[in-house]
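Observations on the model geometry
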Amino acid sequence: MAKPPYHTAHQWPRGWATLICLTMILACGEDTATATTGTIDAGKTDAATTPDVVEASCVGVASASRQLFAQYDDQCEFLKDCPTSGKCYCGDGCSTSKTKCATALCTSVDSDCWCGKECDSQTDKTQCPEYVCKDLKITGCEKQAGCKYVGQEMADKCKCNTMPDTAPPCFCGTTCSTDKTACVPAKCIGKNPKKCILVPGAKHTTPYCRLCGLLGTQPKCFFVISP
C-alpha cells in the first residue's frame, strides 16, 4: 500500500519544504531518563524535575513559537498524563511546587515519615527531614505526612510515537463514558453532541500528525503528513 505523499514545496511557506524533508530523515529521540530509588524529599529541588532546558521526546519542528503544527497538537493529547507517570512525588506532605504522581502510582509508595528522638533507635521508621519536625512538640516517635520522590522511566507511550496512517476509531458527544476515546473536534462537526456517536477508523484524507511526542511536559505534534 502506497504511503500518502508528503507536503510539496508549493504547499508550504518558503523553507518549510526543506524543514519537513530534514524531519523525515531524523530518527525519533529516546527518553534517556534513568530510574531512581525513591527518596524522602529533604526540602531541596531535585535536579531531575527541573531541567535547565526544555527537552523533547522527538526530533522535529515542535517549537513553542511555531503555528503550522500547533493545529495538530490535539491529536497527541493521549500523552497529556505523561508528566505524572515518570519523575514525580507521592504524599500529602508535598508542596504545590512538586509534580504529583498519578494516584495509581502512589498506591504502592509509602511516603509517610516519622519525627521524634525516640525514632533514632527504630530502624524501621523513615525519619522526616528536619524542616518537617523542627516546629513540632513531640515526646515519642510520631508519624507525619511525608513527600517521597519517585524516579522511574515514563510509560512507553510517553516516548516518541509514530502514528498510524489510519485514524483509530473514536467517539463524538458529551454523553460518552470516560473510557471512550474522544474524537478531535473537526470530526464531530455536524454530529449531535447529546449522543455518543462512534466514528470508525479510516485512512486519513486530511493532513494529520505523523509524529507525536512531548516538548517538556506538553504533548506536541512534531511532523505532519498531507495525504
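Report follows, based on the coordinates. (Residues numbered from 1 in each chain as written. Predicted model: local features only at pLDDT ≥ 70, side-chain atom pairs only at ≥ 80, totals over all residues. Heavy atoms only, no water.)

With respect to the overall build of the chain
This is how it is decided: Each helix is a run of H or I in the DSSP string that is no shorter than four residues. Each strand is a run of E no shorter than two, and both are numbered from the N terminus. Only protein chains enter the accessibility calculation, which uses a 1.4 Å probe; a residue is then buried when its area is under 20% of its type maximum, exposed when over 50%, and partly exposed in between. By definition in these notes, contact holds between two residues if any of their heavy atoms fall within 4.5 Å. To measure how exposed things are, a 1.4 Å probe is used in the Shrake-Rupley method; for residues, cover is taken only from the protein chains shown.
Secondary structure summary: the chain contains 3 helices and 10 strands in total. For the chain, the N- to C-terminal ordering of α and β elements is α-β-β-α-β-α-β-β-β-β-β-β-β. Evaluated residue by residue, the chain yields a buried proportion of 33% over its 227 residues. Pairs at least 24 apart in sequence give 69% of the contacts found in the chain among residues at least 6 apart. Accessible surface computed for the chain: about 14100 Å², of which carbon and sulfur atoms make up 55%.

A short note on the side chain of Asp73
For Asp73, the position within the fold is in the loop between strand S1 (36–40) and strand S2 (88–90). Excluding residues that lie within four positions of it along the chain, Asp73 makes contacts with Arg66, Pro219, Lys220 and Cys221.

Quick notes on the sheet that holds strand S9 (residues 208–215)
Counted only if it meets this: We call two strands paired when DSSP finds no fewer than two bridges between them.
Within the open sheet, the 3 strands sit side by side as S6-S9-S10. Their pairing is antiparallel. Two strands in the sheet have a free side with no partner beyond their single neighbour: strand S6 (161–162) and strand S10 (218–225). When S6 meets S9, the two strands line up antiparallel, connected through 2 bridges. Residue pairing in the sheet places Asn161 in a bridge with Cys212 of S9.

What about the nonpolar core?
We count it as follows: We define the nonpolar core as a collection of buried residues of types Ala, Val, Leu, Ile, Met, Phe, Trp, Tyr and Cys that are connected through side-chain atoms lying within 4.5 Å of one another.
Cys209, Cys212 and Cys221 are the most contacted members of the largest nonpolar core, which has 13 residues in total. Elements supplying a minimum of two residues to this core: S9 and S10. With 3 residues, the top contributor of residues to this core is S9. Excluding residues within four positions of it along the chain, Cys209 makes contact with Tyr72, Gln75, Cys76, Met163, Cys221, Phe222 and Phe223.

Thoughts on the pattern of salt bridges
Worth spelling out the cut-off: Any carboxyl oxygen of Asp or Glu within 4 Å of a side-chain nitrogen of Lys or Arg constitutes a salt bridge here.
Taken as a whole and judged by the stated rule, the model has 4 salt bridges. Here Asp124 ties to Lys125 by a salt bridge, and the two come within 3.5 Å at their closest N and O atoms.

Considerations on the side chain of Asp165
Rules: Pairs of N or O atoms are called polar contacts if they sit within 3.5 Å, as long as, within protein, a hydrogen donor faces a hydrogen acceptor (for residues adjacent in sequence, only side-chain-to-side-chain pairs).
Take Asp165: it is sitting in the loop between S6 and strand S7 (170–172). Here the side chain of Asp165 touches Lys203 through a polar contact of 3.5 Å, side chain to side chain.

A few points about the layout of surface pockets
The gaps left among the atoms become clear once a water-sized probe is rolled over them. Cut-off, in case you're wondering: Any residue with an atom within 4 Å of a point lines the site, the site being either a cavity, points on a 1 Å grid over the protein atoms alone where a 1.4 Å probe fits but cannot get out, or a pocket, an open set with protein on both sides within 12 Å along at least 5 of 7 lines. Grid points are joined across faces, edges and corners, and a volume is the space filled by probe spheres set on the points. Nonpolar residues are Ala, Val, Leu, Ile, Met, Phe, Trp, Tyr, Cys and Pro. Charged residues are Asp, Glu, Lys and Arg, and all others, Gly as well, are polar.
Of the pockets and cavities examined, the largest pocket occupies roughly 920 Å³. Forming the boundary of the largest pocket are 33 residues, of which Asp74, Gln75, Ala182, Cys183 and Val184 lie nearest the centre. By residue class, the composition of the lining of the largest pocket is 19 nonpolar, 8 polar and 6 charged.

In short, shape yes, function no, at least from these values alone.
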